[in-house]
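# Structural overview for review
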Amino acid sequence: MPFETALTKALDLRVPVLAAPLGRGTNAEFLATMANSGSFGFTALMHMPEATVSDELAEINRVAKGRFGANLSLVVDQRKRLAAALEAGVRVFSLWQGDLEPYVRLIKDAGGLVFWTVGSPEDAARAKDIGVDFLVSQGREAGGHFVGSAPTMALLPSIVDAARGVPVVAAGGIADGRGLLAAMALGACGVWMGTRFVASRESASHRGYKERIVAARATDLVETELFDPVGQECPHWVIRNSTVSRWEDAGRPASGQRPGEGEAISRYPNGKPVYRYDVAAAWDSMEGDWEASPLYAGATVQLVHEVKPVAEIIGEIEATAQAALDQIAALRTGRQALSQ
Ligand SMILES: Cc1cc2nc3c(=O)[nH]c(=O)nc-3n(C[C@H](O)[C@H](O)[C@H](O)COP(=O)(O)O)c2cc1C
């Protein structure tokens, strides 16, 4: 099904679907597959040590042939990572949390494109003056950390209304073409999906984590601030795991008194320990108790029934969007009973 929106034009896409940055999950192979499937994905620079950002981006650039974006969480100073990314030739950026204006200026001066993830119409109203190119409306049912003040169905149109013409991409609660079409009906120019792509064959998320997403239902999700450093707390949705259960059983103590705090639960490929309550999601290359790391996921666990290749997920989005469009057309012409 062909789409032409502000998003497809800006990034030369066949399908207006973006893969959210997913910690270490959106690696070079994943991003290249997204690009080859007519869509586009983001890498999360926050999860790359400053010392290795340049080398890691060079590798992604080589594999994905430059067709990917970079995400910066502005809870910490990101000027070094931004400089390294601009130096590496990255020109599509996604920003969220923190003071974005100085970063937008640097990106625009380099001829780049800026996506800004927001959760309120008040922020959306500021985007045009700041020079943001696309807003990402993140509903509060989104997997992982969220800034949304309301679920997508109510938040998205309020952000579209407030955006003063800045195009809006919908994030949170979308996993197929029906969600894409619904988001477009609410004024979005495309969608930004996280949980669905964690459970893709190519994502570098741990295979056990992918299976947990497939097995989970919305009742398995927990809203918490457990996996953030003190002072940087932001609510996030995770699938209940052993770390969450242990903390709940201990009476939900404050940071500093949580069970197993400071305990190394696994190791990164470079040998560095992963500690209980660390922010990093379970990654395939972690060795040890991956299940104790945060299993970020949102309400779309209801819709994800299988780990699938990215190309298949994109194909299904196109097919289900077409089917939803046909269904609406049939309802409009009265060929189908309204009760169906
Ligand atoms: C494993 C995981 C990691 C995420 N990491 C980031 C991140 O580093 N930066 C960011 O802007 N959003 C991050 N998000 C949130 C996504 O950008 C997105 O808003 C969310 O996944 C959309 O909702 P959905 O999961 O219902 O598709 C993450 C989400 C998940 C599931």
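Quick caveat: nothing in here was measured; it's all calculated off a predicted structure.

With respect to the helices and strands, the residue Gly25 is situated in the loop between strand 1 (17–19) and helix 2 (28–36). Classification of Gly25 by relative accessible area gives buried; the value is 3%. Residues Gly25 and Val198 lie 173 residues apart in sequence; the distance between their C-alpha atoms is 6.7 Å. Leave out the neighbours within four places in its chain, and Gly25 touches Phe30, Ser203, Ala204 and Ser205.

A few words now on the site of the ligand. Taken together, 19 residues lie near the ligand, and Asn71, Gln138, Gly173, Gly194 and Thr195 sit nearest. Backbone polar atom of Pro21 to a nitrogen atom of the ligand: 3.1 Å apart, as the coordinates give it. The contact in question runs from an oxygen atom of the ligand to an N or O atom on the backbone of Gly173, over 2.9 Å. Relative to its unbound accessible area of 600 Å², the ligand is 96% covered by the protein chains. Of the residues contributing to the shell around the ligand, the split by class is ten nonpolar, nine polar and no charged.

In terms of nonpolar packing, the biggest core is built from 104 residues, with Leu18, Phe115, Leu135 and Phe197 touching the most fellow members. Looking at which element gives the most residues to this core, the answer is helix 12 (residues 310–332), with six residues. Here this core gathers at least three residues from each of two domains, domain 1 (6–203) and domain 2 (207–300). For Leu18, the contacting residues outside a window of four places in its chain are Leu7, Leu11, Leu13, Met34, Phe40, Phe42, Phe115, Val169, Val191, Trp192, Met193 and Phe197. Residues Val274, Ala280, Trp283 and Met286 belong to the second largest nonpolar core, which totals seven residues.

What the domain assignment lists for the chain is domain 1 (6–203) and domain 2 (207–300). Placing the centre of domain 1 and that of domain 2 at their C-alpha centroids yields a distance of 23 Å. Taken together, the 22 residues of domain 1 in the interface contact 19 residues of domain 2. Each partner contributes to the roughly 1700 Å² buried at the junction of domain 1 and domain 2, and carbon and sulfur atoms together form 66% of this total. Of all residues in domain 1, the largest losses of buried area upon contact with domain 2 belong to His145, Phe146 and Thr195, amounting jointly to 32% of the total for that side. On the surface where domain 1 and domain 2 come into contact, there are one salt bridge. Note that Arg140 is salt-bridged to Glu223, the shortest N-O span being 2.9 Å. The tally of links between domain 1 and domain 2 comes to eleven residue pairs in polar contact (both at pLDDT 80 or more). Here the side of domain 1 that touches domain 2 gets three residues from one element, more than from any other, and that element is helix 9 (residues 195–198).

This next bit is on the sheet that holds strand 13 (residues 273–275). Spatial strand order, 13-12-14: three strands in an open sheet with antiparallel pairing. The open sheet is flanked by strand 13 and strand 14 (287–288), the only strands paired with a single partner. Of the pairings in the sheet, the one linking strand 12 (residues 264–267) to strand 14 comprises two bridges and is antiparallel in character. The residue bridging Arg267 from the neighbouring strand is Glu287, located in strand 14.

Now for the pattern of salt bridges. Per the counting criterion, the structure on display carries 20 salt bridges. Among the ionic pairs, Arg164 bridges to Asp129, the shortest N-O distance being 3.4 Å. In this pair, Arg164 sits in the loop between helix 7 (152–162) and strand 8 (168–171) while Asp129 sits in helix 6 (residues 121–130), placing the two residues 35 residues apart along the sequence. Judged by its relative accessible area of 41%, Arg164 falls in the partly exposed class. Among the ionic pairs, Glu261 bridges to Arg258, the shortest N-O distance being 2.9 Å. Through salt bridges with shared partners, one network takes in Glu101, Asp123 and Arg126.

Cut-off values and rules
Residues numbered from 1 in each chain as written. Predicted model: local features only at pLDDT ≥ 70, side-chain atom pairs only at ≥ 80, totals over all residues. Heavy atoms only, no water. Helix = DSSP H or I, 4+ residues; strand = E, 2+ residues; numbered from the N terminus. Buried < 20%, exposed > 50% of the residue type's maximum accessible area, 1.4 Å probe, protein only. Contact = heavy atoms within 4.5 Å. Near = heavy atom within 4 Å. Polar contact = N/O pair within 3.5 Å; in protein donor to acceptor, adjacent residues only side chain to side chain. Areas by Shrake-Rupley, 256 points an atom, 1.4 Å probe, with all protein chains shown as cover. Nonpolar A, V, L, I, M, F, W, Y, C, P; charged D, E, K, R; others polar. Core = buried A, V, L, I, M, F, W, Y, C linked by side-chain atoms within 4.5 Å. Domains from an automatic or database assignment. Buried area = accessible area lost by both parts, 1.4 Å probe. Salt bridge = Lys/Arg side-chain N within 4 Å of Asp/Glu carboxyl O. Pairing = 2+ DSSP bridges.

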